[in-house]
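Notes for the structure review
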Amino acid sequence: AEYAIEKMEVWTAESVWNFENKLFLLQAERHYAFGEMDRAAEKYMLAQESSKKHRFIHEEALTCELAAAFHEKAGNVQFVAELIVRAVNCYQTWGAEGKVESLLLSP
């Protein structure tokens, strides 16, 4: 994970527009894996904001989906439904109907 994050930091320095959201998402996942829940929540939020700002609709969808799973496991259930709705809306906009079906059929 550290190597991927280091590489993404280099790429982000070269093109914030293209790589910032990806860096934040990798950092969020790393913090989550190491039980650093507050830092993970912050990075998921930054990844969502960056994806939306830079108009990466498919990556915003993925970020919302992963953030929902994170918040569900962390016991922050108040965020889960909103994040799933955002993920579904993004996937629909992107045209990923199979993914939309999968999310809507998930418990």
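Residues numbered from 1 in each chain as written. Predicted model: local features only at pLDDT ≥ 70, side-chain atom pairs only at ≥ 80, totals over all residues. Heavy atoms only, no water.

As for the pattern of salt bridges
Across all of its chains, the model carries 5 salt bridges by this definition. A salt bridge links Arg 86 to Glu 60, with the nearest nitrogen and oxygen atoms 3.6 Å apart. Of the two residues, Arg 86 sits in helix 5 (residues 77–94) while Glu 60 sits in helix 4 (residues 57–74), which places them 26 residues apart along the sequence. Assessed through its relative accessible area of 25%, Arg 86 is described here as partly exposed. For Lys 99, the salt bridge goes to Glu 65, with nearest N and O atoms at 2.8 Å. One end of the pair, Lys 99, is in helix 6 (residues 97–105); the other, Glu 65, is in helix 4, with 34 residues separating them in the sequence. (Salt bridge = Lys/Arg side-chain N within 4 Å of Asp/Glu carboxyl O. Helix = DSSP H or I, 4+ residues; strand = E, 2+ residues; numbered from the N terminus. Buried < 20%, exposed > 50% of the residue type's maximum accessible area, 1.4 Å probe, protein only.)

Thoughts on the environment of Leu 104
Relative to the assigned elements, Leu 104 resides in helix 6. Measuring from C-alpha to C-alpha, the distance between Leu 104 and Val 88 comes to 7.9 Å, with 16 residues separating the pair along the chain.

Thoughts on the side chain of Glu 20
Its place among the elements puts Glu 20 in helix 2 (residues 16–33). Among buried charged residues, Glu 20 stands out as having no salt bridge; its nearest opposite-charge side chain is Lys 53, 5.2 Å away. At 2.8 Å, the side chain of Glu 20 forms a polar contact with the side chain of Ser 50. Ignoring sequence-local partners within four residues, the contact set of Glu 20 consists of Thr 12, Ser 15, Ser 50 and His 54. (Lys, Arg positive; Asp, Glu negative; His and termini not counted. Polar contact = N/O pair within 3.5 Å; in protein donor to acceptor, adjacent residues only side chain to side chain. Contact = heavy atoms within 4.5 Å.)

Some thoughts on the environment of Lys 22
For Lys 22, the position within the fold is in helix 2. Along the primary structure Lys 22 and Ala 4 are separated by 18 residues, whereas in three dimensions their C-alpha atoms are 10 Å apart.

Focus: unusual backbone geometry
We note that Arg 55 has phi near 60°; this positive angle belongs to a residue other than glycine. Take Arg 55: it is sitting in the loop between helix 3 (37–53) and helix 4.

Remarks on helix 4
Since the α-helix packs 3.6 residues into each turn, any two residues three or four apart lie on the same face. Between its terminal C-alpha atoms helix 4 stretches 25 Å, which fits the 26 Å expected from 18 residues at 1.5 Å a residue. On the buried face of helix 4, the contacting elements are helix 2, helix 3, helix 5 and helix 6. Phi turns positive one or two residues past the end of helix 4, at Gly 75, with a value near 85°. (Expected span 1.5 Å × (residues − 1).)

Thoughts on the packing of helix 2 against helix 3
Packing of helix 2 against helix 3 brings their axes to within 8 Å, and their N-to-C directions diverge by 160°. Put simply, helix 2 runs roughly antiparallel to helix 3. Two packed elements cross with a definite hand, and for helix 2 against helix 3 that hand is left-handed. In this structure, helix 2 contributes Trp 17, Glu 20, Asn 21, Phe 24, Leu 25, Gln 27, Ala 28, Glu 29, His 31 and Tyr 32 to the contact, and helix 3 contributes Met 37, Arg 39, Ala 40, Lys 43, Tyr 44, Leu 46, Ala 47, Ser 50, Ser 51 and Lys 53. In the contact of helix 2 with helix 3, the residues fall into 10 nonpolar, 5 polar and 5 charged. (Axes fitted to C-alpha atoms, helices over the stretch in contact; angles between N-to-C directions. Parallel < 35°, antiparallel > 145°, perpendicular 65-115°, else oblique. Left-handed = near helix turned anticlockwise from the far one by under 90°. Nonpolar A, V, L, I, M, F, W, Y, C, P; charged D, E, K, R; others polar.)

Considering the packing of helix 4 against helix 5
At a closest axis distance of 8 Å, the pairing of helix 4 and helix 5 adopts a crossing angle of 160°. In this view, helix 4 runs roughly antiparallel relative to helix 5, as classed from their interaxial angle. Of the two possible hands of crossing, helix 4 and helix 5 adopt the one that is left-handed. The residues of helix 5 that touch helix 4, namely those facing Ile 57, His 58, Glu 60, Ala 61, Leu 62, Cys 64, Glu 65, Ala 67, Ala 68, His 71 and Glu 72, are Val 77, Phe 79, Val 80, Leu 83, Ile 84, Arg 86, Ala 87, Cys 90, Tyr 91, Thr 93 and Trp 94. Considering only residue class, the contact of helix 4 with helix 5 consists of 15 nonpolar, 3 polar and 4 charged.

In short, geometric facts, not functional conclusions.
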